[in-house]
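Here is what each chain is made of, one letter per residue.
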Amino acid sequence: MEHIRTTKVEQVKLLDRFSTSNKALTGTLYLTATHLLFIDSHQKETWILHHHIASVEKLALTTSGCPLVIQCKNFRIVHFIVPRERDCHDIYNSLLQLSKQAKYEDLYAFSYNPKQNDSERLRGWQLIDLAEEYKRMGVPNSNWQLSDANREYKICETYPRELYVPRIASKPIIVGSSKFRSKGRFPVLSYYHREKEAAVCRCSQPLSGFSARCLEDEHLLQAISKANPVNRYMYVMDTRPKHRMQSWWATQKDIGRIIVRISSKIWNDEKIRESHEQKRLNAMANRAAGKGYENEDNYSNIRFQFVGIENIHVMRSSLQKLLEVNGTKGLSVNDFYSGLESSGWLRHIKAVMDAAIFLTKAIMIENASVLVHCSDGWDRTSQVCSLGSLLLDSFYRTIRGFMVLIEKDWISFGHKFSERCGHLDSDPKEVSPVFTQFLECVWHLTEQFPQAFEFNEAFLLQIHEHIYSCQFGNFLGNCQKEREELKLKEKTYSLWPFLLDDQKKYLNPLYSPKSQAVAVLEPNTVSFNFKFWRNMYHQFDRTLHPRQSVFNIIMNMNEQNKQLENDIKDLESKIKQHKNKQTDGVLTKELLHSVRPESPTLKTSLCFKEQTLLPVNDALRTIEGSNPADNRY
Amino acid sequence: MEFSELIRTGRAQAELLRGPGAPPLRGTLCVTGHHLLLSPGPQATSDLWLLLLRSVDSIEKRVAGDSGTITLRCKDLRVLQLDIEGVEATLDIARSIEALSSLESVITSFPFFYRPKGLRLGDAWHFHPPEHYYKRVARETNAWRLSEVNEDFSVCPSYPRAVIVPRAVDDDALARSARFRQGGRFPVLSYHHAPSGTVLLRSSQPLTGPQKRRCAEDEELLRAVLAGARPGARGFIVDTRSAQAAKQARMTGGGTEAKAAYPGWKRLHRPMERGRPLQESFVRLVEACGDLEQSMDRWLSRLEGCRWLAHVKEALSTACLAAQGMEREGACILVHGAEGTDSTLLVTSLAQLILDPLSRTMTGFQELVEREWIQAGHPFQLRCAHSAFSHARPKHEAPTFLLFLDCVWQLGRQFPLSLEFGEGLLLALFEHAYASPFGTFLCNSEKERCLCEVRTRTHSLWSGLNQPKEQRKLRNPLYVLNPLAIWPSVEPQSLRLWQGLFLRWTRPPEPSEAAWEKVWQIVTDKEKTEGSQPTVSASEPQP
C-alpha cells in the first residue's frame, strides 16, 4: 500500500480508441491494492488488474487534462484523461510501482482469497494428476518406465520429478546424456501413442559444439527408437530454422579461433585470469561449446529435420509490430494487410502449426517415434509437443484434457511462465508470447474444425487472461522446483477448479464427441486458412466485434431442447398413468398446467438481453456497440 | 440461327475432375445448345452431370498423344477439367463450347427454353414491382406519389414504368428534370425512413457542363423533397466520386449540383471505385485465391494488392454515412455518381439494409434486389458478361453486384441473427446474376426486358428460389426479427475475406458444412419439441 498516494480521482475521462465520438465517458478512477477501477456515470465498471499492466505512459498535458495511456498484457489499451496533472502523476507513479513487483510473494495470488478452506484448496490442486494422465496414455508398460533419476531435481532442475524413459535406458546413460544436453534436459517421454506404440519425446539441444559426441546420449536415442516395436527409425525434429543454425556455424568457427587464441593468452596472464574479462570470455567459450544439433552420422537410425520456428526475440518483436499496426487510428485496409504481412505474425503461427503436423504425420503415417527439441527445450518444443498431442488425441480437445495438456507440456516441463509473461520486474528480453501463440494455433484449429473441441474461444481467452493475472498459482514461477520452493500449493489456489465450475460458459454447443473420438485432426495450412484473431488482440475494443453471438443462442437452444424433451417425457409418462387410472379419460387441470407456458417466448427474449441491460442514453435504441457514433464512416 | 451449326461433334468419352472434395466422373460427354452433359452410362450409380454453357467464363485446351484436356473456368469461380479421348473430339468440343458460351442474343438464351416442373410462367413476376413498395410508402406518408411519366420508357430508358416522386412535382417537371440528368435518371425515391420522416433518393449526375447550366424543375424537385420531409429537414447529396472527378465531369457535359442552386442541400464526396479498376480488383483477388502453394507473406501482400476489401470498406462506410444522415441527423439523402446505375445503387440498397428491418427478411431482401438493382436499371447483362477468368478484353464488366453481396455477407457476419437469409441465398444470387436458367437477371433495364418479353417467356428466379425444397439452403436458421438499425464496424480488423465465395471451390468445406448441419438440426429439434407439446395435450380426450 505504500505506493498508493491517491486512491480516488473524480471527473476522469475514458476515451475509446476506436470510436470517433468525442463524447468520452466521464467517471471516477479508484486505485486499490490490486486493481485500477473506473466507474463511469452509468455505473459501468472497468477493472484493470495491476499485474495485467504492461506499460503506463503519461502524455503531454492538454487543455482538458493530462492523458494517461495504459497498455495491458491482455491487449486492453485504455486512455484516461485526468483533469489535474498532480493526480495523474501520482497515479502514474503508483501504477509503475504496482505493476512491476520484485518478489513473488507480492503477487496477487498470495493475497487472493476465494473463501475456500484448506482441504478444498488442496483438492483443487489435485484435480489434474499427471501420473493418472500417463496411465491413460498407457505408460508405464513393457517399453517405457517411470525413472526416479530426477526425483530430487538432481539431474535437471527445470524438469519435473517424475519422468518417463525407455525401460532399457539405465541411470548412467540418463546421467551421461543429461550432461551433454543444454540445462541437463535429456530426452524424455512427452506423449505416448498407445495404438501406434510410438512416442513423442522432448529434450534440449545437444552440446555438440563443433564436433563433440556423447555415447550415452547416442544410446538413449537408440533406446527410444528401440522402444518402438514397429519402426526402428525415429525422427529428430530441431524446431529452429536451418538458416539460423548454418549462419551460426559460420560465425562460431571464427569466434572459436579467436577464443582459442585469447584463452591461451589468459592462462598466461595471471591478472586477466582474475578479471571480469575472463568471466566474460569463459561464458563465450561455453556458448561456443554449446549449441548444436545431432549429427546423423553419429546416431544410428535417426532422421534429422529442421522445421523453422523463430526464437523468442523474433516472436516478441513480431507481436510488437502487429500491435503497433492495429493501434493505428483510422487504419486503412491496405495498411492493415501490409502491416499484418510485415509483422510476420501469421507466418510464425503457420510455422508452429506446420511443425505439429509434421510430428503427427511421422507418427500416424510412418509409425515413427519423434524427438523434439529447440535450444533449451521449453519454448518451441512445448509448442510443438503440445500441439502435436492435441492433433493426435481427442482427449486434449476436451475442457479437462486441455488443462491436462497445459499442465503436462507447459507447466511441468518448465516453460518459463514467469519470465515469458514478465510476472516480476525482470529482464524484458526474456518476455515472449510463446504461450499466446500456442493458444492462437488452437483457436485456428477450432475455426477449421468447429465440432472437434469441447471448449470455445472464451475458454482460450480466459486461460490467456490468467497466465498474466497472477491471481492463481498455476503459472507462477518458471519450473516445478521453483513452484515447490514458493509453496504455491499451500499459499495460492489453482485456476482449474474455478474454470471447471464455470464450464457452462466455455462449452462449444457444436461439439460432437462421437464422430471425433478417434479422429486425428489434419488441418490444412494453406495460407488463407490463417486469419487475424480479432477476439484476442482486440478483446476489449467492443466496437470491432460482431454485435450478436451465435454461440449463446445455440447454447440456449440446446438447453431448451433438453428441457422440452424432458417435459415431453414427463407428460407422456403422466398420460400413461392417467390412462391406467382413469378409464373414462378425464383430463385434470393440473396436467395441462404442467406444460411450461413460457417456453415459446424464450426465443425472442434471448438475443436482445444484452441490449436491455444497457443504459438507454440515446433517443433511439441500439444493439450494444452498434451505434453509428462508435464507427468511422 | 440454329445451334446445330455451332455444335461440331456429337459425343466423346471423357473424365471430369471437379476439384477437391468431389470424386472424378467418367462417361459420355455431349454438347447441346445450352448445356454440356456428362452421362455416366447405364450401370453407373451417379446421375447425369450438367453444366450451363453460359456459365463458362474461359476455356483452355491442350492435346497430347491421342487425347486432350479442356479446362473450363466458370463464372461462379469453379474450375473444371475434362480429359477427353481423341484429339479431334477435344478440339471440336472446345470449339463448340467457345461458340455457344459466348452467344450474345438474349432471346435464344436458355431461360427462354427452361420449363421446370412445378413452376408456372409468370408466377412471381408481379411479386416485387415498385407499385408494391409504393403501397408501403403511402401508408407512412402522404408526401409522395407514384408517377407513370415513364410509362413508355421515353423519359428515362433505364427506369421502370412507375417511379415514386414528390407529390408536389408534376409529370412535366419530372420530364424536364430528366433532360437535365444523365440518361434521364431524375431523382426518385429509393427508401422512406418512417421513424425519422426522411427519405433516400437516387439519380444520375446533373448535366451542368462547362457552362454550369441549371434546371429550375430539378431544383424545384429537390426543394419539394425537403418540404415534404419533417419540418426543417436538411439534405445531403452524397456524390460517389471525388470532388475533383466531379469537377472534371463538367468537361464532358456532366457535373454536380451547384451549392447556390440547391438551398438546404449540402454536398459530400465519397469516392468509390467502379468500372475497370473494380473488375481488375476482382480478377486479382480470384487469382490470389487460386494459388494454394503461396507463402503467407505472398498471400497477405496479394490480398492487400487487390484492394477488394478496401472496396468493401468504402461501400459499407458510404452506405453507413447515408443511413446515419437519415436516422441520426434527420436529413434527406440524395445519392449519385455519374450514371447512377452502379455505386449509387450499392449505397442506397446497403443503407436500406442497415436501417430497414423488413429488407432483412427473406421476401424483403428479394424485393430490395428486384427494386434497387433489377428495376432500378443496373445493367446486369453488361456488368456480368464475364466473371474473373475471362481472357476477353473487359468492356463494361464490373462486379458491382458481387460487391453488394459481399457487403451483405459482412453485415450478416456482424449481425448473425438479424438477417433471415443465409450465405446460401447470397451465393445463389451471385451465380444467377452471372449465368442462370431464370430470366430475372437478363437484360440491362426494364425497357429491354419488355422488348424481349422476359416476363412472359421466362421463369422468375424468385419463384425458383421460393420453392420449399430450396429453403433450407437459403435461410438463416438463427434469424430473429431485429427492429433496430444495424450499424456495422468498418475497421479493417472487422472485415473478412468472404471465404464461402472466393475459396468455395479451392478448399474442402466438410467441417464447416457439418457444423452448419448441426445448427440446423438443433433448431429443427427445438421446433419439433416445441411443436409436439400441443399435440401431446391435444391427443388427450376432452372432458
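Everything that follows concerns the structure shown earlier in this document.
In this text, all values refer to a predicted model and were calculated from it rather than measured experimentally.

With that settled, the discussion passes to the overall build of chain B. For chain B, the count of helices and strands is 19 helices and 14 strands. Its C-alpha radius of gyration of 25 Å places chain B within 12% of the 24 Å reference for a compact globule of 543 residues. Principal-axis analysis of the C-alpha atoms gives chain B an extent of 80 × 75 × 50 Å. Considering chain B as a whole, with its 543 residues, one finds that 60% of them fall into the buried category. Each charge class in chain B can be summarised by its mean position, and for the 66 positive and 62 negative side chains these summaries are 5 Å apart.

This paragraph deals with the overall build of chain A. When you go through chain A residue by residue, the secondary structure sums to 25 helices and 14 strands. Evaluated residue by residue, chain A yields a buried proportion of 56% over its 633 residues. A separation of at least 24 residues holds for 72% of the contacts in chain A among residues at least 6 apart in sequence. Accessible surface, chain A: about 28,200 Å² in total, of which carbon and sulfur atoms supply 51%.

Attention now moves to the packing of aromatic side chains. All told, the structure shown has 51 aromatic pairs over all chains when counted by the stated rule. When the centroid spacing of 5.9 Å and the interplanar angle of 20° are considered together, the rings of Trp409(B) and Trp498(B) count as stacked. Of this pair, Trp409(B) sits in helix 12 (residues 400–414) while Trp498(B) sits in the loop between helix 17 (471–474) and helix 18 (499–502), and the two are 89 residues apart along the sequence. Accessibility expressed as a relative area gives 13% for Trp409(B), which makes it buried. An aromatic cluster is built from Phe402(A), Trp410(A), Phe417(A), Phe435(A), Phe438(A), Phe453(A), Phe455(A), Phe459(A), Phe475(A), Trp496(A) and Tyr506(A), whose rings are joined through pairwise contacts. The aromatic ring of Phe540(A) is capped on one face by Arg76(A), whose charged end is 4.0 Å from the ring centroid. Arg121(A) extends its terminal NZ or CZ atom over the ring of Tyr493(A), reaching a point 4.5 Å from the ring centre.

The next thing to look at is the state of the cysteines. Inspection of the entire model under this criterion finds zero disulfides over all chains. Counting only cysteine sulfurs, Cys470(A) is the nearest neighbor of Cys72(A), a cysteine outside any disulfide, at a range of 13 Å. Summary of cysteine pairing: Cys332(B) is not part of a disulfide, and the nearest cysteine sulfur, belonging to Cys320(B), is at 19 Å. Cys332(B) sits in the buried class, given a relative accessible area of 0%.

Scoring rules and cut-offs
- Residues numbered from 1 in each chain as written.
- Chains lettered and ligands numbered in written order.
- Predicted model: local features only at pLDDT ≥ 70, side-chain atom pairs only at ≥ 80, totals over all residues.
- Heavy atoms only, no water.
- Helix = DSSP H or I, 4+ residues; strand = E, 2+ residues; numbered from the N terminus.
- Rg over C-alpha atoms; globule rule 2.2 N^0.38 Å.
- Buried < 20%, exposed > 50% of the residue type's maximum accessible area, 1.4 Å probe, protein only.
- Lys, Arg positive; Asp, Glu negative; His and termini not counted.
- Charge placed at Lys NZ, Arg CZ, Asp CG, Glu CD.
- Contact = heavy atoms within 4.5 Å.
- Areas by Shrake-Rupley, 256 points an atom, 1.4 Å probe, with all protein chains shown as cover.
- Phe/Tyr/Trp six-rings, centres within 6.5 Å; stacked < 30°, edge-to-face > 60°.
- Lys NZ or Arg CZ within 6 Å of the ring centre and 35° of its normal.
- Disulfide = S-S within 2.5 Å.

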